[in-house]
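Coordinate analysis (summary)
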Amino acid sequence: MSPDTTFDMLTRLRDRLLPRWWQAWWCSPRGLLTVFVGVHLVFLAFALGLSLSGAAFSDTYIYREWARAGFDERNLGPEPSPWVYPVLALVPIALAGAAGPGPFFFLWVLLITVLNGWAVGKLTNWGRDRHAFPAAWWWLGFVFLMGWLGFARVDGLTAPLVLVALVHGVAHPVVASVLLSIATWMKVWPAAVVLTLVAVTRRRVAVVVAGLLVSAAAAGVAAAMGALPRLFDFLTQQGDRGMQLEATFTTPWLWLSVLGVGNSRMYMNTEINSMQVDGPGTGTMAVLMQPLLLLAASVVTVLIVRGLRNGERSGGADRTELLLAGSLTMVTAFIVFNKVGSPQFMVWLAPAVAVGLTHHWKAWRVPAAMLIAIAVATFLVYPLFYYELSHNHAGMALVLTLRNALLVVLLWWSARRLYGLGTMRPATVLAAKES
């Protein structure tokens, strides 16, 4: 069954099950706002309950201790160093901790809620672009399905920033560069989108200068904290770590551990609070992951440049589509070719898909559907059944394997689309925009 047939069947099923007035309400600004508030109230209410009891959730326990200690390792216990993150990640952590440790988790979730609201507003032109409503609904659905993975980690702050940057895209590349650079100085992954933006924009010098100015501001923050020598510690803090349990390339050793073959085992690396897998060849694989990632990034860059040059020759270059497809391909490569496979990494994939749905719904609904499946599988892995997975449960190992297989398929889809953009003729590109 072709994708078109499948989605047509789902559309007919929707039309049969949902009355016209209900569908009209869902496509109205009021409907979108109501559901946005409802989704985020679920997380805010839970966060408020935990905060009132003096608790937090997941990594926010660590963030709270960093804020309480003034980001001074001398005041910390066994927690990882704050400098595992780039320096601007400490700014929202400090904001959430400004009122003390009690309300930290609630204020943290509130910060992410505000950023998500900004992202949905920009995506839909503050409710004026009805064409973008399905993409906004998809984004809200993905946020809800990912659950606390999008609210209890720094990644949840960076994803809406990247989405807003991609909305600005090639039309306002300097603004996009500033937002992406801020996000990169919170968590490294938006650098994948920065690379793509530099490759496709006509204003490369301005984009690079904007990034350098943000970097200078980040250095100023570090200097104000008396920690300028630690500015680049995030690049080396986790360099010696092994293969994380959820990483795509760890899958063979995951099954060796589950089956009890070759002395493979799962263990907790307490220094960085990460579950890893050890077995024959894992040390070598961990060393190889960095060059493999660099090679994959280089290949994606070549595909982007090829698409741009061939498109310009044929008169059909679509820089926005190249930015979106290139960003998804680059970010997916950053995940697949990574020895770290933390579940919150799946949040990275959503911004390019959400904006892609507004640009070319018919093509981007395929990765959108894959990401919904990836979100469900990831939520099953963590937080629902992570204990079972880390204790060699075969069923959960299968769920994780299917999730990792979907990531590989997503990489193949995005790379194939990127390659195809470099071979389209002008008439083909025009037809794609009009569909």
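Residues numbered from 1 in each chain as written. Predicted model: local features only at pLDDT ≥ 70, side-chain atom pairs only at ≥ 80, totals over all residues. Heavy atoms only, no water.

Attention now moves to the packing of aromatic side chains. All chains considered together, the criterion is met by 21 aromatic pairs. Ring-pair connections join several aromatic residues into one group, and the members of that group are F43, F46, F57, F105, F144, W148 and F151. For the cation-ring pair, R130 lies above F133, with the distance from its terminal atom to the ring centre recorded as 5.7 Å. Just above the ring of Y419 sits the side chain of R306; from NZ or CZ to the centre is 3.9 Å. (Phe/Tyr/Trp six-rings, centres within 6.5 Å; stacked < 30°, edge-to-face > 60°. Lys NZ or Arg CZ within 6 Å of the ring centre and 35° of its normal.)

Our focus in this paragraph is the nonpolar core. With 138 residues, the main nonpolar core has W66, W108, W138, W139, L349 and W364 as its most contacted residues. Setting aside its immediate chain neighbours within four residues, W66 contacts F71, L76, E79, P80, S81, P82, V84, Y85, L90 and I93. (Core = buried A, V, L, I, M, F, W, Y, C linked by side-chain atoms within 4.5 Å. Buried < 20%, exposed > 50% of the residue type's maximum accessible area, 1.4 Å probe, protein only. Contact = heavy atoms within 4.5 Å.)

Moving on to helix 15 (residues 350-359). Across the 10 residues that make up helix 15, a large majority, 9, are buried. Of the residues making up helix 15, those classed as buried are A350, P351, A352, V353, A354, V355, G356, L357 and T358. Looking at the packing, one finds that the buried side of helix 15 touches helix 6 (104-123), helix 7 (133-146), helix 8 (155-168), helix 14 (319-336) and helix 16 (361-384). (Helix = DSSP H or I, 4+ residues; strand = E, 2+ residues; numbered from the N terminus.)

In this section: the packing of helix 14 against helix 18 (residues 394-421). One can describe the packing of helix 14 onto helix 18 by two numbers: an axis separation of 9 Å at closest approach and a directional angle of 150 degrees. Comparing their axes, helix 18 and helix 14 come out roughly antiparallel. As for how helix 14 packs across helix 18, the hand of that crossing is left-handed. In this structure, helix 14 contributes E321, L322, A325, G326, L328, T329, T332, A333, I335 and V336 to the contact, and helix 18 contributes L407, V408, L410, L411, W413, S414, A415, R417, L418 and L421. Split by residue class, the contact of helix 14 with helix 18 holds 14 nonpolar, 4 polar and 2 charged. (Axes fitted to C-alpha atoms, helices over the stretch in contact; angles between N-to-C directions. Parallel < 35°, antiparallel > 145°, perpendicular 65-115°, else oblique. Left-handed = near helix turned anticlockwise from the far one by under 90°. Nonpolar A, V, L, I, M, F, W, Y, C, P; charged D, E, K, R; others polar.)

In this section: the side chain of T251. Its place among the elements puts T251 in helix 12 (residues 251-259). Side chain to side chain, T251 and N404 meet in a polar contact 3.1 Å long. Dropping the residues within four chain positions of it, T251 is found in contact with T401 and N404. (Polar contact = N/O pair within 3.5 Å; in protein donor to acceptor, adjacent residues only side chain to side chain.)

Moving on, we come to unusual backbone geometry. Backbone torsion omega between Y382 and P383 reads 15 degrees, so that peptide bond is classified as cis. Positive phi outside glycine occurs at N392, with the angle close to 65 degrees. Mapped onto the fold, N392 is located in the loop between helix 17 (386-389) and helix 18. Overall, N392 belongs to the partly exposed group, its relative accessible area being 31%.

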